[in-house]
Amino acid sequence: MTSSEPSSCHQGPLVIWALSDGRAGIEAQAVGLAEAVGRETAATILVKRVGWKGRIGRLPWWLNWLPRRWLTPESGIEGDWPDLWIAAGRATLPLSIRARRWSGGKTMVVQIQDPRVPPHMFDLVIPPRHDRLNGDNILPITGSPHRVTPARLDSEYERFRDQIEALPHPRVAVLIGGKSKAFDLPVERAAQMAHQIQLPLEQEGGSLLMTFSRRTPEPARALLTARLRHLPGIIWDGEGPNPYFAFLAAADYILVTEDSTNMATEAASTGKPVFILKMEGHSLKFRLFHEELERLGAARPYGGGFHGWTYEPVNETRRAAREILTRMGIELPPDTAPVAELLESEPRKKPVRKPRAKAAAKPKG
């Protein structure tokens, strides 16, 4: 299968499908890149959550010969094919490698992350640079695509202004990940982490804005909460509206555990000092990623104290979006904005997605 030549002429807004298996961190990458394209040109974004019947989704991509037969009805892979297909995650691979053929060459197919399949099966592959992939149809970027923009941060801060506005400075956002193939957060390490966070905050009279991921082990979550809940601030317990973006907006400093590419990239897009929190484990890829952030001036290892510095916000999502449109033959005005201003307003059209139930907020102070 060879790359198709993109059309140089489009009538009306681009139709973009953003596909994933629906997991928050994976979906955010596909939707974030789709929204970035929508900030460069008129676009309609449809969010698709791929689901497989039975155990089909566990098969390698090359054993899933008739993928549309095994999709759940909610997947929505039907109707008119989009102009642009942006997919992330293993669950999308059996579909992405066939999308150009199904669409008769109409659809440009972009796969985020390292698909671990021959890259010529897609029009463009966008992996993190620390995966060390190269090729004519490969665009390595720092970290991962995301949904952070100044407008989004401002609007999310307004939602939580009443809870955050009176908190003393420095405000320190602490973004805690959890167990993965390379890293873990046992209670012993969580206790050390709590000590490293507590002392400088008490000395400087600041406040804590802490949030956990779904991967955070419950013992570590409980220990960090118990040790730090006496500090001024908010420890989000996972219920009610998520203040994650509001925390990024409000923070003077951001601490991120070393296991998450997404959270570190989002933090680095704010232009605020980012500190990397050590966990148990080791990963060459993540070490390369953190060294890359250090070279860009965005992040430093956390040594138990806060200090400020400035750097140009890391905004690889926009660069990737403009590269996609260029390869589609869509003319763009020269990119004359300073790097620090490259995070722009929200997309003209918000993505269409299935609603999720929301519970009442119960932040802890």
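Structure: see above.
Here is a short report on the structure shown in this document. (Residues numbered from 1 in each chain as written. Predicted model: local features only at pLDDT ≥ 70, side-chain atom pairs only at ≥ 80, totals over all residues. Heavy atoms only, no water.)

### Overview of the sheet that holds strand 1 (residues 14-20)
Spatially, the five strands line up as an open sheet ordered 2-1-3-4-5, and their pairing is parallel. Of all strands in the sheet, those with a lone pairing partner are strand 2 (43-49) and strand 5 (124-126), marking the two edges. Taken pair by pair, the neighbouring strands of this sheet meet at an average axis angle of 20 degrees, ignoring direction. Sheet topology note: the strand 3 (residues 84-88)/strand 4 (residues 108-112) ladder contains five bridges and is parallel. (Pairing = 2+ DSSP bridges. Helix = DSSP H or I, 4+ residues; strand = E, 2+ residues; numbered from the N terminus. Axes fitted to C-alpha atoms, helices over the stretch in contact; angles between N-to-C directions.)

### What about helix 10 (residues 316-327)?
The terminal C-alpha atoms of helix 10, which comprises 12 residues, lie 17 Å apart, in line with the 16 Å expected from a rise of 1.5 Å per residue. By the burial criterion, the buried members of helix 10 are E316, T317, R318, A320, A321, R322, I324 and L325. Buried positions along helix 10 lie against strand 1, helix 1 (24-40), strand 3, strand 4 and strand 5. The positive-phi residue at the C-terminal boundary of helix 10 is G329, with phi of around 80 degrees. (Expected span 1.5 Å × (residues − 1). Buried < 20%, exposed > 50% of the residue type's maximum accessible area, 1.4 Å probe, protein only. Contact = heavy atoms within 4.5 Å.)

### Some words on the sheet that holds strand 10 (residues 253-257)
Read from one edge to the other, the open sheet built from six strands follows the order 9-8-6-10-11-13, with strand pairing classed as parallel. Edge positions in the open sheet fall to strand 9 (233-235) and strand 13 (299-301), since each of these has one partner strand only. Direction aside, neighbouring strands of the sheet carry axes that sit 20 degrees apart on average. Pairing between strand 6 (residues 171-176) and strand 10: four bridges, direction parallel. Residue pairing in the sheet places V172 in a bridge with Y253 of strand 10. Against the sheet, helix 6 (residues 218-228) makes contact with strand 6, strand 8 (207-212) and strand 9, and its axis sits at roughly 170 degrees relative to strand 8, the strand it touches most.

That is the geometry; function is a separate question.
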